[in-house]
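Each chain, letter by letter, is given below.
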Amino acid sequence: MKTKYLILYFCIFLFCYGHAFSQVSQAPDISNTGVHYDSVKVLAKKVKIKNPIPINYNKIDKLITFEQTIPRHMKVAGYWMSKIKEPDKIILTQKEIKKLNKNIYNLKLGITDLINYPKTVKQSRLKKTFLALLNLLIRQDLTDIDGEFLLPGVFVDLYHTIDLPETEVADIRYAITTKYNDVRLFPTEQKIISLNSATKIDRLQEESIDVGTPVIVLCQTKDKLWSFVTTETEEGWIKTENIAFTDRKIFNKWIRSKKVVITNSKADIFLDKKKTNYLEYARMGSKYPYISKKGEETICIKIPIRDNDGLLKITKGYLDYTDANIGFLKYTQRNALNLAFNQINSPYGWGGSDGEQDCSGYLGQIYNCFGILLPETSVQKIKCGTVIELNKKDDASIKNSTIIDKAMPGISFIYLHGHIMLYIGEENYKPYVIHSVLGLKSYTENNEKAINYINKTIVSDLEIGDEFAGNSLIDRTSKFNIIK
């Protein structure tokens, strides 16, 4: 008798839990609205949302293009360096950076040690990863680029294109990218848009990687056109035609070799000394094995080429000396600011799409130049170094004072939900940042999302956003850190 009651109770529990879960999955998207996920409470049949930040809903007849009002002299690195007492002081030596990287690795924020990666991968591990991604996608209201609603079957079909290993344990493979790659959540180039978002951001775009990036191949699609890879900072699907396979010895040698680091926002790579046979461009922070310096103008590097069998061939590539540095740069505030302002007005690219960078990728590129390996996302990056929490209840003046007193220009990140910025200094008792930003979210009187596009890297204070959304960046700023 007790068993029957237990079974009945269990069935009722499943029904209530499932109903509550369906209510959550159908609730409006609360990302980027100032509503924190930890403030969402799930009750039996509905979701109650308590918004800790008041939002003023301004009437918007048409979308407004953001106009930057920062004075011209504040848009260059030199102005902010003049405010620093010792801009050339070494923050961390290369030995200390290695220790910092180890500490970041131990935080388990998605950093992968490629040199010591296991030689095999478990089928169950891959299946769990792909099913989690599948479940994430089918629970959302998604459309194609034309606004056509996508049924769950679209993503189920993509899942079934994956060639999972037949045995529980399978060998991994080693490769180097021979072209720029978009890293995708699922093996398709189709752009997927969130129905509840004010922006047409491709939700399958995970990140992007440049030519010459070492990757470990964990599995492929059944037609071998896509490969699921892991890099130092992310996992995802890239086109197999854009990688060249090699053995572990050559792979490790590529990683351990003396490096040339790209320090310009973009650097052209050529296959001849005269620099007429163009290959590809590489973005800031990309690294290549060093061969030699050719005179005062050119650096010779190793470049990966894919042969007809898909295997790695190494050839010589040539860079302008002004685009790169032999070895990592010294970690100073001057170098950090110079790198940051090197990309001012550069276009924004969600997940590195179109060969550009988003807020998190932008900071990652800067810090790669010092040999500091940061995790992929903004919420992961803000956990690195020394972290200072801000009281959410404090007003803007208190937050501003705390940032000015404790943050360090060029080596501190300022974080709010969904966005991260580089602190560059203060002016008239206000902190200023440089950041890559798509736009400022705002809301109509009907509580509909709108966006005021910026779509580039800009210098700003933390008060922007108040004129549109009723809550500025500083209102939503929750913490900052110092990378040291």
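Just so it is clear, the model here is predicted, and its values are computed rather than measured.

Things to note about the pairing of strand S19 (residues 298–306)
Next, step 1: As paired strands, strand S18 (residues 287–294) and S19 are joined by four bridges and run antiparallel to one another. In the sheet register, Lys293 faces S19, and the bridge partner there is Ile299.
Next, step 2: Hairpin connection of S18 to S19: three residues between the antiparallel strands, including Gly295 at a positive phi of 70°.
Next, step 3: Looking at chain direction, S19 and strand S20 (residues 312–320) are connected through nine bridges and run antiparallel. Its bridge partner being in S20, Ile305 is matched across the sheet by Lys313.

Considering the confidence of the model for the chain
Next, step 1: The pLDDT averaged across the chain works out to 86; a share of 83% of its residues lies at or above 70.
Next, step 2: Note on residues 1–64: pLDDT under 50 across the span, and 80 contacts to partners over four residues away in sequence or across chains.

Observations regarding the packing of aromatic side chains
Next, step 1: Across all of its chains, the model carries eleven aromatic pairs by this definition.
Next, step 2: Geometrically, the ring pair formed by Tyr367 and Phe413 is edge-to-face, given 5.3 Å between the ring centres and 85° between the ring planes. On the criterion of sequence distance, the pair formed by Tyr367 in helix H8 (residues 359–368) and Phe413 in strand S23 (residues 412–416) is long-range, its members being 46 residues apart.
Next, step 3: On the basis of relative accessibility, which here comes to 0%, the residue Tyr367 falls in the buried class.
Next, step 4: With a relative accessible area of 0%, Phe413 lands in the buried category.
Next, step 5: One aromatic cluster is present, formed by Tyr331, Tyr367, Phe370 and Phe413 through successive ring pairs.

Examining the packing of helix H4 (residues 123–138) against helix H5 (residues 152–159)
Next, step 1: The interhelical angle for the contact between H4 and H5, taken along N-to-C directions, is 165°, at an axis separation of 9 Å. By the angle between their axes, H4 is roughly antiparallel relative to H5. With respect to the hand of their crossing, H4 and H5 are arranged in right-handed fashion. Note on element contacts: H5 touches H4 through Pro152, Phe155, Val156 and Tyr159, opposite Lys127, Phe130, Leu131, Leu134, Leu137 and Ile138.
Next, step 2: Class assignment of the residues belonging to the contact of H4 with H5 gives a composition of nine nonpolar, no polar and one charged.

Let's talk about helix H10 (residues 396–406)
Next, step 1: Within the sequence span of H10, burial applies to Lys399, Asn400 and Ile403. Down the axis of H10, the smallest arc covering the buried residues is 100°, so these residues share one side.

Quick look at the nonpolar core
Next, step 1: Of all hydrophobic cores here, the largest spans 64 residues; its most connected members are Tyr331, Ile366, Tyr367 and Phe370.
Next, step 2: Ranked by size, the runner-up nonpolar core spans 34 residues in total, among them Leu150, Phe186, Ile216 and Phe251.

Points about the pattern of salt bridges
Next, step 1: Scanning the entire structure with this criterion turns up 13 salt bridges.
Next, step 2: Residue Glu189 is joined to Lys239 by a salt bridge in which the shortest nitrogen-to-oxygen separation is 3.0 Å. In this pair, Glu189 sits in the loop between strand S8 (181–184) and strand S9 (193–194) while Lys239 sits in strand S13 (residues 235–239), placing the two residues 50 residues apart along the sequence.
Next, step 3: For Glu189, a relative accessible area of 55% corresponds to the exposed category.
Next, step 4: On the basis of relative accessible area, Lys239 is assigned to the partly exposed category, the value being 24%.

What to know about the environment of Gln333
Next, step 1: With respect to the element layout, Gln333 can be found in helix H7 (residues 333–342).
Next, step 2: Exposure remark for Gln333: the relative accessible area of 7% places this residue in the buried category.
Next, step 3: Between the alpha carbons of Gln333 and Gly410 there is a distance of 5.2 Å; along the sequence they are 77 residues apart.
Next, step 4: Here Gln333 is in contact with Ile84, Glu86, Pro87, Ile91, Met408, Pro409 and Ile411, once residues within four sequence places are set aside.

Things to note about a nonpolar patch on the surface
Next, step 1: Together, Phe149, Leu151 and Leu195 make up an exposed nonpolar region whose accessible area comes to about 310 Å².
Next, step 2: For Leu195, the position within the fold is in the loop between S9 and strand S10 (205–209).

Let's talk about helix H6 (residues 248–256)
Next, step 1: When H6 is considered as a whole, its buried residues turn out to be Phe251, Asn252, Trp254 and Ile255. An end-on view of H6 places all buried positions within 155° of arc, on one side of the element. Every exposed residue of H6 that faces more than 90 degrees away from the buried side is listed here: Lys249, Lys253 and Arg256.
Next, step 2: Measuring from the backbone nitrogen of Lys249 back to the side-chain oxygen at the start of H6 gives 3.2 Å, which picks out Asp247 as the cap.

Points about the side chain of Ser208
Next, step 1: Considering the arrangement of structural elements, one finds Ser208 in strand S10.
Next, step 2: A polar contact is formed between the side chain of Ser208 and the side chain of Arg283, at a distance of 2.9 Å.
Next, step 3: Residues in contact with Ser208, not counting those within four places in the same chain, are Tyr180, Asn181, Asp182, Val183, Glu234, Arg283, Gly351 and Gly352.

Concerning unusual backbone geometry
Next, step 1: One non-glycine residue, Asn345, lies in the positive phi region at around 70°.
Next, step 2: Within the secondary structure, Asn345 sits in the loop between H7 and H8.
Next, step 3: We classify Asn345 as partly exposed; its relative accessible area is 47%.
Next, step 4: For Asp354, which is not a glycine, the phi torsion comes out positive at approximately 60°.
Next, step 5: Topologically, Asp354 is positioned in the loop between H7 and H8.
Next, step 6: Taking relative accessible area as the criterion, Asp354 reaches 65% and is therefore assigned exposed.

Cut-offs used in this document
Residue numbers restart at each chain and count upward from 1, following the sequence in its written direction. Totals for whole chains, interfaces and linings use every residue, but because this is a predicted model, local features are given only for residues with pLDDT of at least 70 and side-chain atom pairs only at 80 or more, for both listing and counting. Here the side-chain values reflect all heavy atoms present in the structure, with hydrogen atoms and water set aside. Only strands that DSSP links by at least two bridges are regarded as paired with each other. Labels follow the DSSP assignment, with helices taken as runs of H or I lasting at least four residues and strands as runs of E lasting at least two, numbered in each case from the N terminus. Residue-level confidence of the predictor is what pLDDT reports, using numbers from 0 through 100. Working rule for contacts: check all heavy atoms of both residues, and any pair within 4.5 Å makes them a contact. In this scheme Phe, Tyr and Trp rings, the latter by its six-membered ring, pair at centre separations within 6.5 Å, and the angle between planes marks the pair as stacked below 30 degrees, edge-to-face above 60, and tilted otherwise. Only protein chains enter the accessibility calculation, which uses a 1.4 Å probe. A residue is then buried if its area is under 20% of the maximum for its type, exposed if over 50%, and partly exposed in between. Note on definitions: angles span 0 to 180 degrees between N-to-C directions of axes, and those axes are lines fitted to C-alpha atoms, for helices only across the stretch in contact. Should an angle fall under 35 degrees it is called roughly parallel, over 145 degrees roughly antiparallel, and 65 to 115 degrees roughly perpendicular, with every other angle called oblique. Left-handed describes a crossing whose near helix is turned anticlockwise from the far helix through less than a right angle; right-handed describes the clockwise counterpart. Three classes are used, and their members are as follows: Ala, Val, Leu, Ile, Met, Phe, Trp, Tyr, Cys and Pro are nonpolar, Asp, Glu, Lys and Arg are charged, and the others, Gly among them, are polar. When we speak of the arc, we mean the arc of directions from the helix axis to the C-beta atoms. To form a nonpolar core, buried Ala, Val, Leu, Ile, Met, Phe, Trp, Tyr and Cys residues must be joined to one another through side-chain atoms within 4.5 Å. When a carboxyl oxygen of Asp or Glu lies within 4 Å of a side-chain nitrogen of Lys or Arg, that pair is called a salt bridge. Patches draw on residues past 30% relative accessible area with no salt bridge. Two like charges within 9 Å are joined, as are two nonpolar side chains (Val, Leu, Ile, Met, Phe, Trp, Tyr) within 5 Å. Note on areas: Shrake-Rupley, 1.4 Å probe, and residue coverage restricted to the protein chains presented here. We call two N or O atoms a polar contact when they sit within 3.5 Å, provided that within protein one can donate a hydrogen and the other can accept it, with sequence-adjacent residues counted only if both atoms are side-chain atoms.

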